[in-house]
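Understanding the architecture of this molecule
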Amino acid sequence: MIAAVTCEGVWKRYRLKRQHLRYMLTDLLTRRRADGEKGATLWALRDLTLEIPQGQTLGIIGSNGAGKSTLLRIVAGVTYPNEGHVRVRGHVGALVDVGAGMHPDLTGRENVFLYGALIGVPRRAIRERFDSIVAFSELEEFLDMPVRHYSSGMKIRLGFSVATQFDPAVFLVDEVLAVGDVGFQRKSINRILDLQRGGTTVIFVSHDLVMVERLCTQVAWLETGTLREVGPTDQVIARYLRTVDQKFLRQIPDVTRTNGALEVSRIALTDAVGAERREFAQGEPIGINLHYRVREGSLPVTISFKITDEQRRTLTIAHSVPEVSPLELTGEGVVRCVFEQPPLMPRLYQVWVRVLRAPNFAEELAWQPVAAFAVRAEERGVHQTHALDGSDLPLLDLPTRWSVSPLRSALRAPGGGSR
Amino acid sequence: MSEGRVHPALTAGARPAESVAVYSADARPRLWENLKNVVAHRELLFAIAERDLRVRYKQTFLGAVWAVLPAVLMMVVFNIFLGRFGRSLSEGFPYPVFAYSGLIFWNYFASVISAATGSITGSYSIITKVAFPREILPWTRILSSGVDLLVSLSLFGVLLLVYRVDVSWTAVLAVPILAIQVILMAALALTVAALNAHYRDVQYVVPLVLQAWMFMGPVVYSTQHIPGSLRWLYGILNPMALVIDAYRQVILKGQVPDPRVMLGLFAGAAALFVVCYTLFKRADRFVADVV
């Protein structure tokens, strides 16, 4: 196994204050590093050691400020580590930002050549591939327009087309595909898959875990500049989600008080037998238990739960109204709502709650997130469906039944069904 | 150490030959390697110079006139104030010819240095996102302003005809002198570009220094009255003065310059270049963090 990228004991520091002239000169003129200097510094990477074998696609995940982009910049050769070293084998193609390496006053056509020159591609080679670059970017009509008039989506299309066109040995992508429209996203994912098949080592930084799961075989999880974990995608993502969930849940107050009449003391997610859970299999019933306490008398309320995805898009809202109208809460108790067969894809979701007072719909408790859970892929893993779905990212997993009925044949299709 | 390496020649389906880049805090920049890398990226040098020219002339009304106008205007202005003192200031040549011969080479120098000052900071978007030999940025203006110089030189030819100043064969010696000027400019361009990346004050200081520098040198008046014993000191403090004097010697006076002075000048410029380039490459490793 040959390593395409090796990081050994990499430390990277950013100065929050401008370096004093005296120290800068010491740095420049001597080999000694001015360690004893004052001034606030931020360690973006701390003692990072990582090896990426040739041909692997490594996802890098972690919260904001974990050092993901810094690592990419060092691998791309844009900046240097302060300690340790990074070894990169072969030509690097990188797409780390919208419009990276483009000059706004030049036209798209001129920028293709400029970018090629930046990454050291001979003009002749660019000319050879020019047509396929343009075809991929779908920007034929805009080629002779200055890039300053391009939308960010158009810039990304151009940048991605050029960056992937010259068979990089190592390709770096930093959370930019999200800018393109869905059609281009799909196209660029397919292009990355092509590069993978061609043996390119890909490093993919993203907050979109579904995309990471789709593209990467291994994932490195960075946290405040250190490598927390590196391993098979599903395992690392699962553990990452668990800590994110915990972090998220820690932010949710254990006891939610309302105007005083109602106190929501606890929200628990449970499975079919009532055991508390944070993870559910695809299609498994998800129960939400709301523990309440009412100070005095009885309180007529309408309770609503909603499930949102990581981007806080509302997927479904369940109201208590059509079932029991209204709920009469007295003393202490538990309101239970079960999503019988949630058609959710393997992802991370949030549960929100709202409580309205029954007669006049006065807000007793405004919408607020109260729990998070993960849906895990079961026997049909993401990687399996991946082969069929290509780069399409379904939101829902609806139960289907399939059959074939030949019109004039005596043969009957065997009744088939899948969940 | 190599960064922003050249893309291997591309043939369909072939995997590029493997080169290994090491990014380490302890990497020592090697001058020769770095220069080779620049040569390998020469197309970038040309592309940015071309971009420079395009951008400069695309959205301007007068276009290429701007290449010659500053020097011509300065020549006219100085002619009004200094031309009246007779030919003692201009070593016996018509003042406009004398002044213009200094001004075109000086303006070349000044425009390269002032453009270099902001070349690193102004290219924020590529420096922080793509790896390439960044010394190319301050150097491109040597090429693009070189085009302006050619335009100015043709106008200078017209001026020589108008004032009936004969030019002898020694004028071809202007080429090696230009080479020395280019080395000097390359060294100083690196210095101001790197300094400005760390301290933006530099961009305000450079124009002032250039202005003062012009009047300290023999650009618009002769400095021949400086005694010979002091001239070497003057030359060290202001190598551009020697360069401009040398241009006048070979173009206007038809003399061959003192080879010792020329060799000394060349050696000095080369040494300055080596020092500036080495320091630039050291500072360059972290320049993406400060621009």
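Sequence order as written defines residue numbering, which begins from 1 separately in each chain. All chains are assigned letters beginning at A, and all ligands numbers beginning at 1, according to the order in which they are written. Local features in this predicted model are restricted to residues of pLDDT 70 or higher, and side-chain atom pairs are both shown and tallied only at a pLDDT of 80 or more, whereas totals for entire chains, interfaces and linings draw on every residue. Hydrogens are left out, water is left out, and the side-chain values use all remaining heavy atoms of the structure.

Focus: the overall build of chain A
Counted only if it meets this: In this description a helix means any DSSP run of H or I spanning at least four residues, a strand means any run of E spanning at least two, and both kinds are numbered starting from the N terminus. Between two residues, a contact is recorded if the distance between any of their heavy atoms is within 4.5 Å. With residues, only the protein chains shown are counted as cover, and all accessible areas are computed by Shrake-Rupley using a 1.4 Å probe.
Within chain A, the secondary structure is distributed over nine helices and 19 strands. Looking at chain A alone, contacts between residues at least 24 apart form 70% of all its contacts between residues at least 6 apart. In the form shown here, chain A has an accessible surface area of approximately 19600 Å², with 51% of it arising from carbon and sulfur atoms.

Section: helix α2 (residues 68–76) of chain A
Note the cut-off: Exposure classes here rest on a 1.4 Å probe applied to the protein chains alone. A residue is buried below 20% of its type maximum, exposed above 50%, and partly exposed in between.
α2(A) sits mainly inside the fold: eight of its nine residues count as buried. One or two positions beyond α2(A), positive phi appears at Gly77(A), with a value near 85°.

A few points about the side chain of Lys306(A)
Residue and element names in this part refer to chain A. The following threshold applies: Counting rule for charge: Lys and Arg are taken as positive, Asp and Glu as negative, and neither His nor the chain ends is counted. For this document, the term salt bridge refers to a Lys or Arg side-chain nitrogen within 4 Å of an Asp or Glu carboxyl oxygen.
Locating Lys-306 in the fold gives a position in strand β13 (residues 286–309). The buried charged residue Lys-306 lacks any salt bridge partner; its closest oppositely charged side chain belongs to Glu-363, at an N-O distance of 9.9 Å. Ignoring any residue separated from it by four or fewer positions in sequence, one finds Lys-306 in contact with Thr-314, Thr-316, Ile-317, Gln-350, Val-351, Trp-352 and Trp-367.

Description of the nonpolar core
The condition is simple: To qualify as a nonpolar core, a set must consist of buried Ala, Val, Leu, Ile, Met, Phe, Trp, Tyr and Cys residues joined through side-chain atoms within 4.5 Å.
Counting residues in hydrophobic clusters, the biggest one holds 164 residues, and the most contacted among them are Val5(A), Trp106(B) and Trp139(B). The biggest single contributor to this core is helix α4 (residues 95–117) of chain B, with 15 residues. Those residues within four positions of Trp139(B) in sequence are excluded, and the remaining contacts are Leu35(B), Val38(B), Leu45(B), Ala186(B), Ala189(B), Leu190(B), Phe273(B) and Tyr277(B). Within the second largest apolar cluster, 32 residues are counted, among which are Met345(A), Tyr349(A), Val351(A) and Leu365(A).

Focus on the sheet that holds strand β2 (residues 41–53) of chain A
Put simply, the test is: By definition, two strands form a pair when at least two bridges between them are found by DSSP. Axis lines are fitted through C-alpha atoms, for helices just across the contact stretch, and the angle between N-to-C directions can take any value from 0 to 180 degrees.
Taken together, the four strands give an open sheet; going across it, the order is β2(A)-β1(A)-β4(A)-β1(B), and neighbouring strands pair in antiparallel fashion. This sheet does not close on itself; its edge strands, each paired only once, are β2 of chain A together with β1 (20–24) of chain B. The sheet shows a mean angle of 20° between the axes of neighbouring strands, taken without regard to direction. Pairing of strand β4 (residues 83–89) of chain A with β1(B), which is carried by five bridges, proceeds in the antiparallel orientation. Its bridge partner being in β1(B), Arg87(A) is matched across the sheet by Val22(B).

Looking at the pairing of strand β8 (residues 218–223) of chain A
Taken residue by residue, a regular strand's side chains alternate between the two faces of the sheet. Residue and element names in this part refer to chain A. Pairing geometry for strand β3 (residues 57–61) and β8, over four bridges, is parallel. Of the residues in β8, the one forming a bridge with Ile-60 is Ala-220. Summarising the sheet, β8 and strand β9 (residues 226–232) pair through six bridges and their orientation is antiparallel. Paired with Val-219 across the strands is Gly-231, a residue of β9. If you look at the hairpin formed by β8 and β9, you'll find two residues sitting between the two strands, and Thr-224 has a positive phi there, around 40°.

A word on the packing of aromatic side chains
Residues and elements named next belong to chain A. Heads up, the rule is: Each aromatic pair joins two rings of Phe, Tyr and Trp (for Trp, the six-membered one) with centres within 6.5 Å, and gets the label stacked for planes under 30 degrees apart, edge-to-face for over 60, and tilted for any other angle. Geometrically, a lysine NZ or arginine CZ counts as sitting over a ring once it is within 6 Å of the ring centre and also within 35 degrees of the ring normal.
Per the counting criterion, the structure on display carries 18 aromatic pairs over all chains. An angle of 85° between the planes, with centres 5.3 Å apart, marks the rings of Trp-11 and Trp-43 as edge-to-face. With Trp-11 in strand β1 (residues 3–15) and Trp-43 in strand β2, this pair connects stretches of sequence that are 32 residues apart. Look at Trp-11 and you get partly exposed, because its relative accessible area is 30%. Assessed through its relative accessible area of 27%, Trp-43 is described here as partly exposed. A connected cluster of aromatic rings, assembled from ring pairs, spans Phe-136, Phe-160, Phe-171 and Phe-184. Directly above the aromatic system of Trp-352 lies the positively charged group of Lys-306, at a separation of 4.9 Å from the ring centroid.

Some words on the pattern of salt bridges
All names here are of chain A. All chains considered together, the criterion is met by 24 salt bridges over all chains. Linking Glu-128 and Arg-124 is a salt bridge whose minimum nitrogen-to-oxygen distance equals 3.9 Å. Placement of the pair is Glu-128 and Arg-124 together in helix α4 (residues 123–137), with a separation of four residues, close to one helical turn. The class of Arg-124 is partly exposed, set by a relative accessible area of 45%. In this structure, Glu-364 and Arg-357 form a salt bridge, with 3.0 Å as the shortest nitrogen-oxygen distance.

Describing the packing of α4(B) against helix α7 (residues 174–198) of chain B
Residue and element names in this part refer to chain B. Note the cut-off: Here roughly perpendicular refers to angles of 65 to 115 degrees, roughly parallel to angles under 35, roughly antiparallel to angles over 145, and oblique to all remaining angles. It is the rotation of the near helix from the far one that decides the hand of a crossing: anticlockwise by less than a right angle makes it left-handed, clockwise makes it right-handed.
Running from N to C, α4 and α7 point in directions that differ by 25°, and their axes come no closer than 7 Å. Relative to α7, α4 is oriented roughly parallel. The chirality of how α4 crosses α7 is right-handed. Within the contact between the two elements, α4 uses Phe-105, Tyr-108, Phe-109, Val-112, Ile-113, Ala-116 and Thr-117 and α7 uses Leu-178, Gln-181, Val-182, Met-185, Leu-188, Ala-189, Val-192, Ala-193 and Asn-196.

In short, shape yes, function no, at least from these values alone.
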